[in-house]
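Summary of structural features
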Amino acid sequence: DVQLVESGGGSVQAGGSLRLSCAASGLDIHSYCMTWFRQAPGKEREEIARIGTFAGPTYAASVRGRFTISKETAKNTLYLQMDSLNADDTGMYYCAAAARSGLGCGEYLNWGQGTQVTVS
């Protein structure tokens, strides 16, 4: 079975940094679209970064220039480096996997449980 396990969340002051990890088993992350989502209290879930399409990594405008998505194939692990955090970055962060579909990504069928990020 596929399992995605996020870690690395926590509480930080504005301007600080966190590095989130998503350890995958049951699938090879190199063969899939791997994406970070987040959901703030009272807000809809939003896609913030993806990697694994035939294009390069992409980012939501709200995090572009501050967040960096990457993967370490040997460890089958996805990362999200988050710098210059602000209060608007507070939320639950999830990683998800989708099969490639054309030049993009199909439906996200595999999700982690999430890791909480709180910026004060």
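Residues numbered from 1 in each chain as written. Predicted model: local features only at pLDDT ≥ 70, side-chain atom pairs only at ≥ 80, totals over all residues. Heavy atoms only, no water.

1. Structural notes on the pairing of strand β5 (residues 46–51)
Looking at chain direction, strand β4 (residues 32–39) and β5 are connected through five bridges and run antiparallel. Bridging across to β5, R38 finds its partner in E46. Between β4 and the antiparallel strand that follows it, β5, lie six residues; G42 among them carries a positive phi value of about 75°. Hairpin connection from β5 to strand β6 (residues 58–59): six residues lie between these consecutive antiparallel strands, with G52 at a positive phi of about 110°. (Pairing = 2+ DSSP bridges. Helix = DSSP H or I, 4+ residues; strand = E, 2+ residues; numbered from the N terminus.)

2. With respect to the packing of aromatic side chains
How two aromatic rings sit relative to each other is set out by the distance from centre to centre and by the angle between their planes. Within the structure shown, the criterion is met by three aromatic pairs. In this structure an aromatic cluster arises from ring pairing among F37, Y108 and W111. Its end group placed over the ring of F37, R45 keeps NZ or CZ at 5.8 Å from the ring centre. (Phe/Tyr/Trp six-rings, centres within 6.5 Å; stacked < 30°, edge-to-face > 60°. Lys NZ or Arg CZ within 6 Å of the ring centre and 35° of its normal.)

3. Things to note about the state of the cysteines
Counted by the stated rule, this structure contains two disulfides. Between C22 and C95 runs a disulfide, and the two sulfur atoms are separated by 1.9 Å. In this structure the cystine formed by C22 and C95 twists about its S-S bond by roughly 50°; its chirality is therefore right-handed. Separated by 73 residues along the polypeptide, C22 in strand β3 (residues 18–25) and C95 in strand β9 (residues 91–101) bring together distant segments of the chain. Assigned by exposure class, C22 and C95 land together as buried. Covalently, C33 is tied to C105 through a disulfide, its sulfur atoms 2.2 Å apart. As the torsion about the S-S bond is roughly -95°, the C33-C105 disulfide counts as left-handed. Of this pair, C33 sits in strand β4 while C105 is found in strand β10 (residues 104–111), placing the two residues 72 residues apart along the sequence. For the protein, the bonded cysteines connect in the pattern 1-3, 2-4 when numbered consecutively along the sequence. (Disulfide = S-S within 2.5 Å. Buried < 20%, exposed > 50% of the residue type's maximum accessible area, 1.4 Å probe, protein only.)

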